[in-house]
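# Structural description and commentary
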Amino acid sequence: MKILAIESSCDETAAAVVEDGRRALSGVVRTQIPLHAVYGGVVPEIASRAHTEAIASVCEKALADANCTMEEIDAVAVTNRPGLVGALLVGVSFAKSLAYRYRLPLYGINHLRGHIAAAYLMDPALKPPFHALILSGGHTFLARVNGYTDFTLIGTTRDDAAGEAFDKVARVLNIPYPGGRELQNMADAYTGEELYPLPSPALKEDPFDFSFSGLKTAVVNLAHNLAQKGETLDGNKLAASFTRTVQEGLKNRLKNVLETEDVETLVFAGGVAANTGLRTALGNFCDEYCIRFLPVDVSLCGDNAAMIGAQAYYEAQNGVPAELTLNAVPRAEVNE
Ligand code: KG4
Ligand code: ZN
């Protein structure tokens, strides 16, 4: 079954052709980052307009790269939740028109399930049940994947997403948006032993939930306090301290999960899962507890449509297609 998948939930316009949920025949991602960087974050109205301009050519390229025509496509899938509503609507409207024109079944896909499904493209033998830790610019959660379309949310962030915290710390260091990748380079460059003390993103009142806002604020306060005292802030040391604090917070949550349930495989995905420091730390943690660690390839960590096509295959196996009344839904958890 060949699915043409479309993703436009935030600041990447993406399309891919995916076969049987496991093989991406093509994958095109057109990023809008340069348009938003001057504003220090994603501007929803600019995102919608840029999606409108890009979507047709991105889909055409995905078909051409896969060496196939619309007549060879069996279904159309599109991210319809969660995300920026105007951005989502561009993909949803385009997907609907394609489904109508070519008389194809249409599937509305949960973006968060898509991030998890990127792992199906990594390992053709991967089957639920398994666990997933998803860290991105908009979302942060731990879930048990009971079945391809059956999820239990174990823990989530009470405030900011991990990626927002990375980008905020980068901003303190005058790194342009989105600064997560550059922050990694600075952390890697730090050779010292001493770290700045920072509060954990592992929430005290709950064993599984996260809170990144206190950590973010602590970094801002640290920078102000040092500036007031006339002391210099060591950027590499801050990047390393922040990354280490996030690592420890993630390990703390995983340890708590291990106390309550068996974890055989841990999938690690989402834009922040590209971080080498986090990948190494979680890899070592999983080795220690005899868990199979499956970090998604860096090329599939950020938003893309191949992951949407992978999930869509299983939604198609398990459900009925959407009507042409399919709408964009700005807020949804992985199990909704
Ligand atoms: O998954 P994604 O592309 O978009 C959302 O669904 O939100 O994630 C984007 C986020 C940004 O916050 C970006 O700074 C962060 O992922 N990111 C990283 C790295 N690469 C991207 N954060 C830490 N280390 C990286 N190497
Ligand atoms: Zn995402």
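Residues numbered from 1 in each chain as written. Chains lettered and ligands numbered in written order. Predicted model: local features only at pLDDT ≥ 70, side-chain atom pairs only at ≥ 80, totals over all residues. Heavy atoms only, no water.

This paragraph deals with the coordination of the zinc ion (ligand 2). Around the zinc ion (ligand 2), the protein contributes the donor atoms His-111 (NE2), His-115 (NE2) and Asp-303 (OD), at 2.1 Å from the metal centre. In this structure, the zinc ion (ligand 2) is coordinated by 4 donor atoms arranged in irregular fashion, with angles at the metal of 93 to 138°. The sequence pattern describing where the donors of the zinc ion (ligand 2) fall on their chain is H-x3-H-x187-D. One end of the pair, His-115, is in helix 4 (residues 111–122); the other, Asp-303, is in the loop between helix 10 (298–301) and helix 11 (306–318), and 188 residues separate them in sequence. Per residue, the accessibility class of His-115 equals that of Asp-303, and both read buried. (Donors = N, O, S within 2.8 Å, 3.2 Å for Na, K, Ca; no water. Tetrahedral: all angles 85-135°; square planar, octahedral: opposite > 155°, others 65-115°. Helix = DSSP H or I, 4+ residues; strand = E, 2+ residues; numbered from the N terminus. Buried < 20%, exposed > 50% of the residue type's maximum accessible area, 1.4 Å probe, protein only.)

Now for the side chain of Asp-11. Turning to its location among the elements, Asp-11 is positioned in the loop between strand 1 (2–7) and strand 2 (12–19). One buried charged side chain, Asp-11, makes no salt bridge at all; its nearest oppositely charged neighbour is Arg-171, positioned 13 Å away. Once residues within four sequence positions are removed from consideration, Asp-11 is found in contact with Arg-30, Thr-31, Gln-32, Ile-33, His-36, Val-42, His-51 and Tyr-177. (Lys, Arg positive; Asp, Glu negative; His and termini not counted. Salt bridge = Lys/Arg side-chain N within 4 Å of Asp/Glu carboxyl O. Contact = heavy atoms within 4.5 Å.)

Summed over all chains, the structure comprises 9 aromatic pairs. Measuring from ring centre to ring centre gives 3.8 Å for Tyr-148 and Tyr-314, while their planes differ by 5°; the resulting arrangement is stacked. Here Tyr-314 lies in helix 11 and Tyr-148 lies in the loop between strand 7 (140–147) and strand 8 (150–156), a separation of 166 residues in the sequence. Here the two residues Tyr-148 and Tyr-314 agree in accessibility, since each one is buried. Joined through ring pairs, the aromatic side chains of Tyr-120, Phe-130, Tyr-148, Tyr-313 and Tyr-314 make up one cluster. The positively charged end of Arg-101 is found above the aromatic ring belonging to Tyr-102, 4.3 Å away from the centroid. Against the face of Tyr-196 rests Lys-237, its NZ or CZ located 4.3 Å from the ring centre. (Phe/Tyr/Trp six-rings, centres within 6.5 Å; stacked < 30°, edge-to-face > 60°. Lys NZ or Arg CZ within 6 Å of the ring centre and 35° of its normal.)

If you walk across this open sheet you meet the 5 strands as 8-7-6-9-10, and the pairing is mixed. Here the strands that pair on one side only, and so sit at the sheet edges, are strand 8 and strand 10 (292–295). Strand-to-strand twist in this sheet, taken as the mean axis angle between neighbours without regard to direction, amounts to 25°. Here strand 9 (residues 265–269) pairs with strand 10 via 4 bridges, running parallel. Note on strand 10: the bridge partner recorded for Leu-266 is Phe-293. Running at roughly 120° to strand 6 (residues 130–135), helix 4 makes contact with strand 6, strand 7, strand 8, strand 9 and strand 10 of the sheet. (Pairing = 2+ DSSP bridges. Axes fitted to C-alpha atoms, helices over the stretch in contact; angles between N-to-C directions.)

Between its terminal C-alpha atoms helix 8 (residues 235–260) stretches 39 Å, which fits the 38 Å expected from 26 residues at 1.5 Å a residue. Two to three positions downstream of the cap, the backbone nitrogen of Asn-236 sits 3.2 Å from a side-chain oxygen, assigning the N-cap of helix 8 to Asp-234. (Expected span 1.5 Å × (residues − 1). Polar contact = N/O pair within 3.5 Å; in protein donor to acceptor, adjacent residues only side chain to side chain.)

What follows concerns the pattern of salt bridges. Close approach of charged atoms allows side chains with opposite charge to pair. A full pass over the atoms with the stated rule returns 11 salt bridges. The shortest N-O distance in the salt bridge between Arg-158 and Asp-206 comes to 3.6 Å. Of this pair, Arg-158 sits in the loop between strand 8 and helix 5 (162–172) while Asp-206 sits in the loop between helix 6 (180–189) and helix 7 (213–228), and the two are 48 residues apart along the sequence. On the basis of relative accessibility, which here comes to 48%, the residue Arg-158 falls in the partly exposed class. Residue Asp-209 is joined to Arg-158 by a salt bridge in which the shortest nitrogen-to-oxygen separation is 2.7 Å. Taken together, the positions of Asp-209 in the loop between helix 6 and helix 7 and Arg-158 in the loop between strand 8 and helix 5 put the pair 51 residues apart, joining distant regions of the chain. On the basis of relative accessibility, which here comes to 10%, the residue Asp-209 falls in the buried class. Salt bridges linked by common partners bring Arg-158, Asp-206 and Asp-209 together as one network.

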